[in-house]
Amino acid sequence: MRTTKAEEKLNDLILKSSNIVIFGHENPDGDSIGSAVGMYHYLTALGKHPHIIIHSRLPEYFNFIIPAGSISYYVEDGEKCLRCIEEADLMLFLDMNGMNRTGEVSAAAEAARLRENAPHCALIDHHLNPQTDSFDVVISDTEVSSACELLYHVLLAQPGVCGDVNNLPKECAEALLTGILTDTNNFANSVYPSTYLAVSQLQARGVDRDAIYNEVFRSYSEQRMRLMGHLLQDNMRCLPQGVAYFTLSIADKKKYDFVRGDSEGFVNLPLSIKEIRMTAFFTEEPGFVKVSLRSKGNVDVNDFSHKYCNGGGHKNASGGRLYMPIDQVPEYFESKVKEFFK
Ligand code: 5GP
Ligand code: MN
């Protein structure tokens, strides 16, 4: 097992730290929570004191991998989060390309870097354009399926693990496989040769892939399925540029008893239409519209999000925010689609 300079430095920082804060990104998905929880178990096994900080709650179907008391949510217990940051020797940022992706807690994280006895900061991520200046260690690779896959390779390269997956706690392996399954949408996209190697080893460690699949992809409500039907039947619009989009209003969320995570995966659905090469899903939130974009092949939705949706992400999967009423989104989006594919 070859260890890179950055991996060596990460190991160094971990060994000399005790209180370690792990940040997940805003609107956490399976990769964010999987990498944070995977890291949490690894650090706990080393005798460290990790704590995970996330802006707000996750969909409930991720509860099965979350250890009791391991996470504080900034919007619910801001004081505890600030105390953890205050006491941190090391702050780890996973599955995001900069501290600003942590949501409102990012101001406190940025401020901690400037204080006396500032904590060290490390980034482990698979997005484009990492903000390298903010971190003592940057491990960034876009040629992997997920942050969880990258973390798998990083942990295996740590001297104490010696390249042997059996030296990782089983709960760590479970969390990592959860993130790989969700970020690849069950191996539908962003799958590399290295992904199968990681998954093979994680399964060999005893992780039950089928059980994770059932927890994550088959744990929804009937109402969620009916909402999906409604959006596809009554709301989805297909544009001549090969673009499909739909919008979810707060009113429809109420009507279908929407709970966090219910719209997970919806944005991918229209990509199964042969002619569709880009999809957009707009969700009305209090004060803004959340944007999710996906594409096939060479259509660069990171670029689209950057230009028109105040966001970013990856070439084939990105997100952002619009600050306009949801009923103005179709006109805005269709005009930007025309401009983008001109
Ligand atoms: P999702 O559509 O699942 O929310 O996000 C897809 C991808 O876009 C993820 O990789 C996520 O990190 C990125 N993304 C989502 N929202 C934002 C955003 O507001 N800003 C940036 N820079 N990236 C985002
Ligand atoms: Mn990810």
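As the structure is a computational prediction, the values presented were derived from the model and not from experiment. Sequence positions are assigned chain by chain, starting from 1 and proceeding in written order. Both sets of labels track the order of writing: A upward for chains, 1 upward for ligands. Residue-level local features of this predicted model are given only where pLDDT is at least 70; pairs of side-chain atoms are given and counted only at 80 or more, and the full residue set underlies all totals for whole chains, interfaces and linings. Values reported for side chains reflect all heavy atoms of the structure, with hydrogen atoms and water molecules removed beforehand.

## Brief notes about the packing of aromatic side chains
Convention followed: When two rings of Phe, Tyr or Trp (its six-membered ring) have centres within 6.5 Å they constitute a pair, described as stacked for plane angles under 30 degrees, edge-to-face for angles over 60, and tilted for the intermediate range. In this description a helix means any DSSP run of H or I spanning at least four residues, a strand means any run of E spanning at least two, and both kinds are numbered starting from the N terminus. Three labels apply to residues, based on accessible area from a 1.4 Å probe with only protein chains included: buried if under 20% of the type maximum, exposed if over 50%, partly exposed otherwise in between. Whether a charge sits over a ring depends on NZ of Lys or CZ of Arg being within 6 Å of the ring centre and within 35 degrees of the ring normal.
One pass over the full model with this rule turns up 17 aromatic pairs. Both rings, one in tyrosine 213 and one in phenylalanine 217, keep their centres 4.9 Å apart while their planes meet at 25°; by these two values the pair is stacked. In this pair, tyrosine 213 and phenylalanine 217 both sit in helix H8 (residues 209-217), 4 residues apart, roughly one turn of the helix. Its relative accessible area of 24% is what places phenylalanine 217 among the partly exposed residues. A ring pair is formed by tyrosine 308 and phenylalanine 340, whose centres lie 6.3 Å apart and whose planes are at 85°; its orientation type is edge-to-face. With tyrosine 308 in helix H11 (residues 301-308) and phenylalanine 340 in helix H12 (residues 329-340), the pair connects residues that are 32 residues apart, well separated along the chain. Residues tyrosine 308 and phenylalanine 340 agree in their burial class; the two are buried. Between the NZ or CZ atom of arginine 224 and the centre of the ring of tyrosine 220, over which it lies, the distance is 3.6 Å.

## Re the nonpolar core
Formally: What is meant by a nonpolar core is a set of buried Ala, Val, Leu, Ile, Met, Phe, Trp, Tyr and Cys residues, joined one to another through side-chain atoms within 4.5 Å. We call two residues in contact when some of their heavy atoms are within 4.5 Å.
Residues Leu10, Ile22, Ile33, Met39 and Leu92 are the most contacted members of the largest nonpolar core, which totals 52 residues. Isoleucine 22 has contacts with Ala36, Met39, Tyr40, Leu43, Pro50, His51, Ile52, Ile53, Leu92 and Leu94, leaving out every residue within four places of it along the chain. Judged by nonpolar contacts, the second largest core, of 20 residues, contains Cys309, Leu322, Val329 and Val337.

## Comments concerning the sheet that holds strand S1 (residues 19-23)
Rules: Strands are labelled as partners when DSSP assigns at least two bridges between them. An axis is simply a line fitted to the C-alpha atoms; with a helix, the fit covers only the stretch in contact. Between two such axes, the angle follows the N-to-C directions and lies from 0 to 180 degrees.
If you walk across this open sheet you meet the 6 strands as S3-S2-S1-S4-S5-S6, and the pairing is parallel. Looking at the sheet topology across the chains shown, the edges are occupied by strand S3 (71-73) and strand S6 (137-140). Going from strand to strand, the sheet's axes swing by 20° on average, the running direction of each strand aside. Pairing geometry for strand S4 (residues 90-94) and strand S5 (residues 120-125), over 5 bridges, is parallel. Residue pairing in the sheet places leucine 90 in a bridge with histidine 120 of S5. Those strands touched by helix H2 (residues 30-45) are S1, strand S2 (49-54), S3, S4 and S5, and its axis lies near 165° from that of S2. Together, S1, S2, S3 and S4 form the strand contacts of helix H3 (residues 78-87), whose direction differs from that of S2 by roughly 135°.

## Some details on the coordination of the manganese ion (ligand 2)
Inclusion rule: Nitrogen, oxygen and sulfur within 2.8 Å of a metal are treated as its donors, or within 3.2 Å for sodium, potassium and calcium (Na, K, Ca); water is not counted, so a site can appear incomplete.
Each protein donor to the manganese ion (ligand 2) is listed here as Asp31 (OD), Asp95 (OD), His126 (NE2) and Asp183 (OD); together their distances run 2.2 to 2.4 Å. All donors of the manganese ion (ligand 2) come from a single chain, and their spacing in sequence reads D-x63-D-x30-H-x56-D. Placement of the pair is aspartate 31 in helix H2 and histidine 126 in the loop between S5 and S6, with a sequence separation of 95 residues. Among the residues examined, aspartate 31 registers a relative accessible area of 0% and is labelled buried.

## Description of the sheet that holds strand S10 (residues 288-295)
Spatially, S7-S8-S9-S10-S12-S11 is the arrangement adopted by the 6 strands of the open sheet, whose pairing is mixed. On the outer flanks of this sheet lie strand S7 (237-239) and strand S11 (312-313), each paired with one strand and no other. One ladder, built from 6 bridges, connects strand S8 (residues 243-248) with strand S9 (residues 278-285); its direction is parallel. Within the sheet, the bridge partner assigned to tyrosine 245 lies in S9 and is alanine 280. The sheet strands contacting H11 are S9, S10, S11 and strand S12 (317-322), and the helix crosses S12 at an angle near 10°.

## Quick word on the site of ligand 1
We apply this condition: When at least one non-hydrogen atom of a residue lies within 4 Å of a molecule or strand, that residue is treated as near it. As used in this structure description, the phrase polar contact means that two N or O atoms lie within 3.5 Å; if the pair is within protein, one of them must be able to donate a hydrogen and the other to accept it, and residues adjacent in sequence are counted only when both atoms belong to side chains. To be clear on the numbers: accessible area is Shrake-Rupley with a 1.4 Å probe, and residue cover counts the displayed protein chains and nothing else.
Neighbouring residues of ligand 1: 13 residues in total, closest His127, Lys290, Ser292, Arg294 and Gly319. In the environment of ligand 1, an oxygen atom lies 3.0 Å from a nitrogen or oxygen atom belonging to the side chain of arginine 294. A distance of 3.1 Å separates a nitrogen atom of ligand 1 from a polar backbone atom of glycine 312. Taking 500 Å² as the accessible area of ligand 1 by itself, protein coverage stands at 80%. Those elements that place two or more of their residues in the shell around ligand 1 are S10, S11 and S12. Top contributing element to the shell around ligand 1 by residue count: S12, with 4 residues.

## So, helix H1 (residues 5-15)
Because an α-helix completes one turn every 3.6 residues, residues spaced three or four positions apart along the sequence face the same direction. Test applied: For this quantity, the arc is that covered by the directions from the helix axis to the C-beta atoms.
Among all positions of H1, only Glu7, Leu10, Asn11, Leu13 and Ile14 are buried. Looking down the long axis of H1, one finds its buried residues gathered within 165° of arc, a one-sided arrangement. In H1, the exposed positions angled more than 90 degrees off the buried face are occupied by Lys5 and Leu15.

## Remarks on the packing of helix H5 (residues 147-156) against helix H6 (residues 170-183)
What counts is decided by this rule: Side-chain classes are defined by residue name, with Ala, Val, Leu, Ile, Met, Phe, Trp, Tyr, Cys and Pro counting as nonpolar, Asp, Glu, Lys and Arg as charged, and the others, Gly among them, as polar.
At their nearest, the axes of H5 and H6 sit 8 Å apart, and the two run at 145° to each other. On the side of H5, the interface is formed by Cys148, Glu149, Leu151, Tyr152 and Leu155, while H6 contributes Cys172, Ala175, Leu176, Gly179 and Ile180. Of the residues in the contact of H5 with H6, the class split is 8 nonpolar, 1 polar and 1 charged.

## Quick word on the domain arrangement of the protein chain
Put simply, the rule is: The source of the domain bounds is an automatic or database domain assignment. A carboxyl oxygen of Asp or Glu within 4 Å of a side-chain nitrogen of Lys or Arg is what we treat as a salt bridge.
By domain assignment, the protein chain separates into domain 1 (5-217) and domain 2 (222-340). Spacing between the C-alpha centres of domain 1 and domain 2 amounts to 27 Å. Of the residues lining the interface, 10 residues belong to domain 1; the matching set on domain 2 comes to 10 residues. A salt bridge links glutamate 26 to arginine 321; the shortest N-O distance between them is 2.8 Å. Summed over the shared surface of domain 1 and domain 2, the number is 4 residue pairs in polar contact (both at pLDDT 80 or more).

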